[in-house]
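The chain contents come next:
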There are 2 protein chains.
Amino acid sequence: MHCFFNPRGIAVVGATPNPAKGGNAILKNLVTGFQGTICPVNPRYREIEGIPCFPSLREIPDSVDLAILFVPAPQVLTTLEECAGKGIRGAIVESGGFAETGPEGRALQERMVALAREAGIRVWGPNCMGLVDALRGHVFSFMDPAALRRGFVPGDVSLVVQSGLLSAGFLVDLMTHGVMGISKACSIGNKADVDENDLLEYLASDPDTRVIGLYLESFREGRRFLELCRTCPKPVVVLKGGRSSRGARAAMSHTASLAGNHAVVAGALAQAGVTEAHDFKQMMDLCRSLAAAPPPAGGKGGIAVLSFSGGAGIVAADFMEDLGLAVADLSPGTIETLQGLFPPWMPVANPVDVWPAMERNMGTGIDVYGTALRAVLADPAVDGVLLLAFVGNFRISMDLEDLAARSREAGKPVFLWLLGTRDGAFEFQQRAHALGVPAFQELYRAVECLAAVLRERPAPGAVAPKGAAPAPGDVSPEVADLLRAGPGPLDEEQSKRILRSRGIPAVEEARVASEEECLREAIRIGYPVVLKGLKPGLVHKSEAGLVRLNIADAGQLRESYRAVRERLAGEGDVLVQKQIRGGAELIAGMIRDPQFGPCVLIGLGGTLTEVLRDTAFAVAPLSEAEALRLIGRIRGQALLDGFRGAPAVDRKRLAEVLVALGDLGLSVPRIREIDVNPLLVSEDGLAAVDATVVLE
Amino acid sequence: MHCFFNPRGIAVVGATPNPAKGGNAILKNLVTGFQGTICPVNPRYREIEGIPCFPSLREIPDSVDLAILFVPAPQVLTTLEECAGKGIRGAIVESGGFAETGPEGRALQERMVALAREAGIRVWGPNCMGLVDALRGHVFSFMDPAALRRGFVPGDVSLVVQSGLLSAGFLVDLMTHGVMGISKACSIGNKADVDENDLLEYLASDPDTRVIGLYLESFREGRRFLELCRTCPKPVVVLKGGRSSRGARAAMSHTASLAGNHAVVAGALAQAGVTEAHDFKQMMDLCRSLAAAPPPAGGKGGIAVLSFSGGAGIVAADFMEDLGLAVADLSPGTIETLQGLFPPWMPVANPVDVWPAMERNMGTGIDVYGTALRAVLADPAVDGVLLLAFVGNFRISMDLEDLAARSREAGKPVFLWLLGTRDGAFEFQQRAHALGVPAFQELYRAVECLAAVLRERPAPGAVAPKGAAPAPGDVSPEVADLLRAGPGPLDEEQSKRILRSRGIPAVEEARVASEEECLREAIRIGYPVVLKGLKPGLVHKSEAGLVRLNIADAGQLRESYRAVRERLAGEGDVLVQKQIRGGAELIAGMIRDPQFGPCVLIGLGGTLTEVLRDTAFAVAPLSEAEALRLIGRIRGQALLDGFRGAPAVDRKRLAEVLVALGDLGLSVPRIREIDVNPLLVSEDGLAAVDATVVLE
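Just so you know, these numbers come straight off a predicted model, no measurement behind them.

Q: Could you give me a rundown of the confidence of the model for chain A, with the residues and numbers involved?
A: A low pLDDT score tells you not to read the predicted coordinates there in detail. Residue and element names in this part refer to chain A. Looking at chain A as a whole, its pLDDT mean stands at 88, while 94% of the residues score no less than 70. Segment residues 246–260 is flagged for pLDDT under 50; beyond a separation of four residues in sequence, or across chains, it makes 46 contacts in the model. Predicted complex, confidence summary: ipTM 0.90, pTM 0.91.

Q: I'd like a rundown of the pattern of salt bridges, residues and numbers included.
A: Across all of its chains, the model carries 91 salt bridges over all chains by this definition. One salt bridge connects R445(A) with E442(B), and the closest N-O pair in it is separated by 3.0 Å. Here R445(A), found in helix 17 (residues 443–454), pairs with E442(B), found in the loop between strand 19 (439–440) and helix 17 (443–454), and the two come from separate chains. Here R445(A) matches E442(B) in class, with each residue buried. Salt-bridge contacts for R445(B) lead to D285(B); the nearest nitrogen and oxygen are separated by 2.7 Å. Of this pair, R445(B) sits in helix 17 while D285(B) is found in helix 10 (residues 280–292), placing the two residues 160 residues apart along the sequence. Take R445(B) and D285(B): they sit in the same class, and that class is buried. Linked by salt bridges that have partners in common, E492(A), K496(A), R500(A), E509(A), K532(A), K541(A) and D690(A) make up one network.

Q: Go over the packing of helix 3 (residues 73–86) of chain A against helix 4 (residues 103–119) of chain A with me, naming the residues and quoting the values.
A: Residues and elements named next belong to chain A. Taken N-terminus to C-terminus, the directions of helix 3 and helix 4 make an angle of 0°; their axes are 10 Å apart at the nearest point. When the axes of helix 3 and helix 4 are compared, the pair comes out roughly parallel. Residues A73, P74, V76, L77, L80, E81 and A84 of helix 3 form the contact with helix 4, whose own contacting residues are L108, R111, M112, L115, A116 and A119. Residues belonging to the contact of helix 3 with helix 4 are distributed by class as follows: 11 nonpolar, no polar and two charged.

Q: Give a detailed account of the pairing of strand 8 (residues 130–133) of chain A, specifying residues and quantitative values.
A: All names here are of chain A. Strand direction decides the pairing type here: strand 8 and strand 11 (residues 182–187), joined by four bridges, are antiparallel. For D133, the partnering residue across the bridge sits in strand 11 and is K184. Note that strand 8 and strand 9 (residues 138–140) share three bridges and pair antiparallel. Following the sheet pairing, L131 is matched in strand 9 by F140.

Q: Now, about the packing of aromatic side chains: what can you tell me, with residues and values included?
A: Summed over all chains, the structure comprises 25 aromatic pairs over all chains. Look at F415(B) and F440(B): their rings are 5.8 Å apart centre to centre, the planes differ by 10°, and that puts the pair in the stacked class. Of the two residues, F415(B) sits in strand 18 (residues 414–420) while F440(B) sits in strand 19, which places them 25 residues apart along the sequence. Put simply, the rings of Y215(A), F280(A), F308(B), F390(B) and W417(B) touch in pairs and so form one group of aromatic residues. A cation over a ring is seen here: R422(A) above F426(B), with NZ or CZ 3.6 Å from the ring centre.

Q: If you had to explain helix 20 (residues 515–525) of chain B to someone new, which residues and values would you point to?
A: Residue and element names in this part refer to chain B. For helix 20, the complete set of buried residues consists of E515, C518, L519, E521, A522 and I525. In an axial view of helix 20, the angular spread of the buried residues amounts to 170°, which keeps them on one side of the axis. Facing away from the buried side of helix 20 by more than 90 degrees, the exposed set consists of R520 and I523. In this structure, the buried side of helix 20 is in contact with strand 21 (509–512), strand 22 (529–534), helix 21 (554–568) and strand 24 (573–578).

Q: Outline the relation of the copies chain B and chain A, supporting the account with residue identities and numerical values.
A: Superposing the two chain copies requires a rotation about an axis and a translation along that axis. In screw terms, the move from chain B to chain A is a rotation of 180° and a rise of 0.1 Å along the axis, fitting with an RMSD of 0.1 Å. Both copies are brought into coincidence by an operation consistent with a two-fold rotation axis. Closest approach to the rotation axis among the C-alpha atoms of chain B is made by L612(B), whose C-alpha sits 4.4 Å away. A shared interface surface links the copies, since 99% of the contact residues of chain B are contact residues in chain A too.

Q: How would you summarise the nonpolar core if you had to cite specific residues and measurements?
A: Formed by 195 residues in total, the largest nonpolar core has its most connected members in L386(A) and L386(B). Other than its neighbours up to four places away in sequence, L386(A) contacts I303(A), A304(A), V305(A), L306(A), A316(A), M320(A), F415(A), A446(A), V447(A) and L450(A).

Q: Talk me through the sheet that holds strand 7 (residues 122–124) of chain B; I want residue IDs and the actual numbers.
A: Residues and elements named next belong to chain B. Taken in spatial order, the five strands of this open sheet run 2-1-5-6-7, and their pairing is parallel. In this open sheet, the two strands that pair with only one neighbour each are strand 2 (37–41) and strand 7. When strand polarity is set aside, the average angle formed by the axes of neighbouring strands in this sheet is 20°. Of the pairings in the sheet, the one linking strand 5 (residues 66–69) to strand 6 (residues 90–93) comprises four bridges and is parallel in character. Residue pairing across strands places I68 opposite I92, the latter belonging to strand 6.

Q: Now, about the environment of V479(A): what can you tell me, with residues and values included?
A: Residue and element names in this part refer to chain A. Locating V479 in the fold gives a position in helix 18 (residues 477–482). The spacing of V479 and S501 is 22 residues in sequence and 7.5 Å in space, taken between C-alpha atoms. Those residues in contact with V479 that lie beyond four places of it in its chain are I498 and S501.

Q: Describe the sheet that holds strand 17 (residues 382–391) of chain A, and please don't skip the residues or the numbers.
A: Residue and element names in this part refer to chain A. Judged by pairing direction, the sheet is parallel, and its five strands sit side by side in the order 16-15-17-18-19 without closing on themselves. Every other strand in the sheet has two partners, leaving strand 16 (352–353) and strand 19 (439–440) as the edge strands with one partner each. Pairing analysis gives two bridges linking strand 15 (residues 302–307) to strand 16, with the strands arranged parallel. By the bridge assignment for strand 16, L306 is matched with V352.

Procedures and definitions
- Residues numbered from 1 in each chain as written.
- Chains lettered and ligands numbered in written order.
- Predicted model: local features only at pLDDT ≥ 70, side-chain atom pairs only at ≥ 80, totals over all residues.
- Heavy atoms only, no water.
- pLDDT = per-residue confidence, 0-100.
- Contact = heavy atoms within 4.5 Å.
- Salt bridge = Lys/Arg side-chain N within 4 Å of Asp/Glu carboxyl O.
- Helix = DSSP H or I, 4+ residues; strand = E, 2+ residues; numbered from the N terminus.
- Buried < 20%, exposed > 50% of the residue type's maximum accessible area, 1.4 Å probe, protein only.
- Axes fitted to C-alpha atoms, helices over the stretch in contact; angles between N-to-C directions.
- Parallel < 35°, antiparallel > 145°, perpendicular 65-115°, else oblique.
- Nonpolar A, V, L, I, M, F, W, Y, C, P; charged D, E, K, R; others polar.
- Pairing = 2+ DSSP bridges.
- Phe/Tyr/Trp six-rings, centres within 6.5 Å; stacked < 30°, edge-to-face > 60°.
- Lys NZ or Arg CZ within 6 Å of the ring centre and 35° of its normal.
- Arc of directions from axis to C-beta.
- Least-squares fit on C-alpha atoms with pLDDT ≥ 70 in both.
- Core = buried A, V, L, I, M, F, W, Y, C linked by side-chain atoms within 4.5 Å.

Below, the structure written as structure tokens:
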């Protein structure tokens, strides 16, 4: 990847003097900032933009290690062959006309990748805007040179964007809004070869990058991406386009990418410690916040809110509750200091409305904001400060330098929300940003970014690497026998045998061939029992009238047995099962996601599953700690903890079940899907009451 | 209220030449824009700002009908007496030092109101920033005159703000951001007399106001406010500060206001057709969107998205799904027109990524955006258009005038999201705004505002007025007898008798005094039965071990009876109840909200009530249509409709129950609270299985 970011010489294939063409823009952008050799290639010109032009790559006398291609798609292949001949290690193909145009383009793209692999050339693109390095002044892109005149604000956030125009739009927007500094911006287009994983790996160890933001419409190799996020020592922010089914459809026709079920994506990102963004500018705000603020100190305190307006403080407190940020209980010493600034009639409370204190001290030279800020930053009960301020034509002054220094010193973030004149607020925001203090024009955004900064992230590499999965094929002879069935669902009894073989508890039951056997087994199991008809290939037994509950004695059993047999109409078997009375009904399961492989699900189950959709996913294998965190992501936590006298979930045992489900998915590739629903919580512990294993 | 908005002459009591004081700012602001007589009042000066100054109100020879007071709180009362003598009808008291400072200030404020009422003077404030009328150039406020130099952008949105500094901050912010035009801005402070209801009523019929936005921390008379919203022919947007419990605490100490449970507020606002805002600038964006866009035509189509970038289109579709906006299925004719613009390899789909069409037609003079826009606006399957555009140093042009004209003509909103240079995007946004086309810098905000504009609102006055409640005291002798109990909860059996008296169905049951009576009643009711111990004052019976389920025969009944009696330890009665098997468990109820009076609740009940909090409130009385809309606000709708073979809810019958609960609350003031939980949905219809009526 080094040759893309630090080339010594660059050939521009498709360079042209026509200022309306991208091949001209690339050259102009290179001349502006690139210090190495620049070699335009085009057989029709001797010189372009004052630089000698070569008829072909072969003719270039100097050594070049990077080629930027802006030629019609069909010519890309021969150009790459020439690159190989010239010893070039990397090519940025900015031309379109590949996979995004349909099957023919896709075939061309595949030939291009095969050719490049053979020649040992890394290909970036095609159908992309290339890359920008704001620190070095590199613009390896056909972006309009006129749009770049203002220059970038160099900084420490690097972006990877899977949408060409969007990346250009972002950059122009950022350039002129000037509140987020850019290190590298990478537009990866069709990511035929170089993809988000290559870039994430590179940027993770890039000394010029502090935070990495990615806009992605698909994950090339989801598991590798997660692994890189988990081990990345820097905050990673991801905006995933195509969350909705409709969006996903658009994604498929756009960059020819496959979008997954967003519940899986959200779970996987959370598991890997990624901050998930939802909107474009919000993503930039999250990135600049994470880059500017000191890393979270892991304090268990809350936020102090200093506000010029009681109303703004009230709404900020509302947002903090929404986002799980505590309003700090200020220490008595802090209260005392603050009270000294306030008129006696105004009792100090957090959020602190500083206006009465300002009015009282007007003209005294007392710096109310500064004094209050110092007091709350020194308070051990305070993890961060939200400052809601007026700027512009107001008589309020604030010493930003002092504020920034004190925030750094205390290791606690100070975030600003600004109301005021457009230019005044902008100028203030820029000054604050330059000092490492994030400032915002929307109150919710300020609170949201502060929450992201203070959120605890798993320490990189603190979790077991994803490779520590059980070896495939590690199954008992009994299970091996079950796995010889054809594709489709195993029946409930077979499915539970597979679960039990991995230590997942299931309800006591017996498959019975006759009414008499059924009676014998019922006595062994103990009444009340449940009777189920197992019809091959049928999963929804209740809807088919094949489940009889509350069977209390032999008479009822006989009657039920006959009824179920009749419904089965000669097919399948009967299952007699202990009826257990339980509390919460959970769902647990495993699915094989096309992007992330085997994933584990936990949630509220039973009839509520589809109604409430209170479920959470994580990628297997899970450590016990990860499984516990996964359980903690169910919204209805109260139902797990023995709500209203119901038995509480043994979380450690449940975590073991989830780990086992993930391991099953990893070690037995023939299992496509596992559904344990309900997984019942009772006084006797957990038990799979119904389950289905689906084979590929 | 007329004298506040159209005074002929104004006295400024507390005027001063000291430019650091508010009394000077008020005068300067008046001189700048007010055309009538201005009379400064201050015994220490003969002239201020070149205007003759009077020692007292009595001395003013001219007729003045409005006084603006900026004098220390204790002097306000005598000043108001002088106002009365002078025949002044309205006073804006901008001074602080009243209820917001504690009990003494509160007493002073009460004396002030009493005095004003007696004298027939309306008082605006105290502790407020007064009012601004941007169309007339009126600034009746101590806002810093320097901050106002730029002047307001006159428009058709009027604001009411219960937070002084915030209203000033807003105005300065709006003035310089210039994308929302202001008609009137009213800072109502402690709203001792003039409150949000007075202003809402005035603005509802103000010809210069098209949309009304309110920031409130409390409702003075909640029911009146809702009534005004329901009958207001204009969109009303409300941001309620103090949603969280912590926020509510701050609200109490701030403007001495009482904040209610936000679930009730949200329900009441939705019922009255109010658009609820959550953040300050978002509220402005909602207001300007509602003011600019044509009223919703009630179409059942979707949104067409035209985007310069596939990525932006994908994320817009994600947001539309989040917000319940459909992505339009474009008609075949529209698809055909669009396809003519596109390269053949690019099949047209909504969201429409117009970039390939632009590339294809570059230099041909074909207006791609314009052609596409005309096509989608003419499509009957399209209710609105979202245009995602680049502005600034790009080679894309857009005919905004044409766009605005076509949007108006079609009666369909066109909303813009802009990415680009700071100044370019701002200039474009201002031009678009002036033409009535809302433009945004955040994509989510654009989609959110479009959704608010297209949301169906109940036609004003279409619902029965809130007065149509049953007359208080309309109760049967049996119920009257029950209501003679002291404060606290009635027991389950008593509570259900009250419910049955209003036609609310309850499970069959009998209160029994002996084991033999219990057996007789069980036979009459039919097994299985439930046994409950009714302990006086105890509401949570299950937790106290006083509920026995699944009693199948006389033997079990005897055993259970003795066990329950033992638990009761000589207190209370035993209730034997039919055990009914049901589907969904609901909760229905009535509470008496301090701001809105009797309110009705519906939600998912049983053990899920507190875990899921899937409930919705509305203010009583309810029409049947309102009750049906209320039921429609439960998130878990699927549970109501006979999910997985369970019986479906008879929504009409449930609506009747809700109407009856509301009427009970209105007609029987002694009832403080009603809790029906669970209200069971079974094959036989609805039945209250447990219920508690709490008396005041």
